[in-house]
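Secondary and tertiary structure notes
Next come the chains, spelled out residue by residue.
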Amino acid sequence: MGIHTLAKLIADQAPGAIKEGEIKNYFGRKIAIDASMSIYQFLIAVRQNGENLTNENGETTSHLMGMFYRTIRMVENGIKPVYVFDGKPPQMKSKELEKRLERRTEAEAEMSKAAEAGDEEAFDKFARRTVKVTREHVEDCKRLLKFMGIPYVDAPTEAEAQCAALVKEGKVYGVGTEDMDALTFGSDVLIRHLTFSEARKMPIREYTLAKVLQGLGINFEEFMDLCILLGCDYCDSIKGIGQKRALDLIKQYRNIETILKHIDTKKYGIPEDWAFDQARALFKEPDVLTGDAVELKWNEPDEEGLIEYMVNQKGFQMNKQ
DNA sequence: ACTCTGCTTCCAGACGTA
DNA sequence: TGAAGCAGAGT
DNA sequence: TACGTCC
């Protein structure tokens, strides 16, 4: 997921690209957020006795709980969020997705084993690893957002790519995410720890792409190749090449083709049928919606609809305004 | 000495109350 | 799943 | 800040 150790590389090699701040700095700002990633995190985190929260019909409500409160929190701070939902994953990602499916299947077996053994702790641990965002979770959240007056976008493929596209077009200020590949997709601004900065003692960190490039001493094309060398979701990387050597090689040879011409292939095994160029194309020109295809409008919440949905249908208590 | 790998461990939300 | 810290092996 | 609860 994301780009392996990119956050650390930037912190070490281009610290000037990171600005720490507080949520007040984002008053009035439009921020794009990866909705599918958020839902996934809520399903993992919002649990009681090893199970997701559910209403009396047995429907999961963890994702609604998380998204509702997080969105309220942002709006209270003057932030205008726009949620972006994942579309079909690109072909290039299928290997990565297979791996994830395998891990989930494994976790399911471990979970049943733990259940039989009555090992609550192990059950809890493995249950989290079986989490998968379903069509229903997504539809629930879209309904909630409609009632809250918060816009969302259905990305053709990767949500992070669509988020970056919104930034590039000036439709939003930045991407609020933990996933560093928003930078690789060309987002000028990436904001980490946007929502949970006060609860934990994590400061909000804003990464500026221009300053990342300046600090590393490379251009954007070179940066994309650097990210591929570090390790991305779309293809393998070269064993034995980590942060330091990757940056050195890019600075010396400027692109992967030239690196491959000069590198000692006895020392460093190049992956078979290495499709780094296709990964690069994906970062450079991802399938995204642009222009009039995206309309972002923040509306007043439909309070009646919200209450009908959250309280009457989903069984929430009537606490919040 | 430096750099990468692989292993381990801790952790994943947001709220209100005490 | 990642991120951080550590031991160990390769360059 | 730690802890229990939300559904």
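The rules behind the values
Residues numbered from 1 in each chain as written. Chains lettered and ligands numbered in written order. Predicted model: local features only at pLDDT ≥ 70, side-chain atom pairs only at ≥ 80, totals over all residues. Heavy atoms only, no water. Domains from an automatic or database assignment. Contact = heavy atoms within 4.5 Å. Buried area = accessible area lost by both parts, 1.4 Å probe. Salt bridge = Lys/Arg side-chain N within 4 Å of Asp/Glu carboxyl O. Polar contact = N/O pair within 3.5 Å; in protein donor to acceptor, adjacent residues only side chain to side chain. Helix = DSSP H or I, 4+ residues; strand = E, 2+ residues; numbered from the N terminus. Nonpolar A, V, L, I, M, F, W, Y, C, P; charged D, E, K, R; others polar. Phe/Tyr/Trp six-rings, centres within 6.5 Å; stacked < 30°, edge-to-face > 60°. Lys NZ or Arg CZ within 6 Å of the ring centre and 35° of its normal. Core = buried A, V, L, I, M, F, W, Y, C linked by side-chain atoms within 4.5 Å. Buried < 20%, exposed > 50% of the residue type's maximum accessible area, 1.4 Å probe, protein only. Arc of directions from axis to C-beta.

Partitioning chain A into domains gives domain 1 (17–217) and domain 2 (218–285). Averaged C-alpha coordinates put domain 1 and domain 2 at centres separated by 28 Å. At the junction of the two partners, domain 1 supplies 16 residues and domain 2 supplies 18 residues. For the domain 1 and domain 2 pair, buried surface summed over both sides reaches about 1,600 Å², with 62% attributable to carbon and sulfur atoms. Of all residues in domain 1, M92, T184 and L216 bury the most surface against domain 2, accounting for 43% of the area lost on that side. Put simply, domain 1 and domain 2 have two salt bridges between them. The residue D233 makes a salt bridge to K93 at a minimum N-O spacing of 3.9 Å. Linking domain 1 to domain 2 there are three residue pairs in polar contact (both at pLDDT 80 or more). It is helix 9 (residues 209–216) that provides the largest number of residues to the side of domain 1 that touches domain 2, a total of four residues. Here the residues of the side of domain 1 that touches domain 2 are counted per class, giving eight nonpolar, three polar and five charged.

Under the criterion given, the structure shown has eight aromatic pairs. Among the aromatic side chains, those forming a connected cluster through ring pairs are F185, Y234 and F283. Lying over the aromatic face of Y173, R29 brings its terminal NZ or CZ to 3.9 Å of the ring centre.

By size, the foremost hydrophobic cluster in this structure holds 62 residues, and its most contacted members are I10, L183, L216, F223 and L226. The dominant element in this core, judged by the number of residues it contributes, is helix 10 (residues 220–230), at seven residues. Taken domain by domain, this core gets at least three of its residues from each of domain 1 (17–217) and domain 2 (218–285). In this view, L226 contacts L9, L216, I218, A246, L247 and I250; residues no more than four positions away in its chain are not counted. Counting residues in each nonpolar core, the second largest holds 31 residues, with I39, F42, M74 and M148 among its members.

Listing the buried residues of helix 13 (residues 276–284) in full gives F276, A279, R280, L282 and F283. Down the axis of helix 13, the buried set is contained in an arc of 160°. They therefore lie on one face. As for helix 13, its buried residues are in contact with helix 8 (181–184), helix 10 and helix 12 (256–262).

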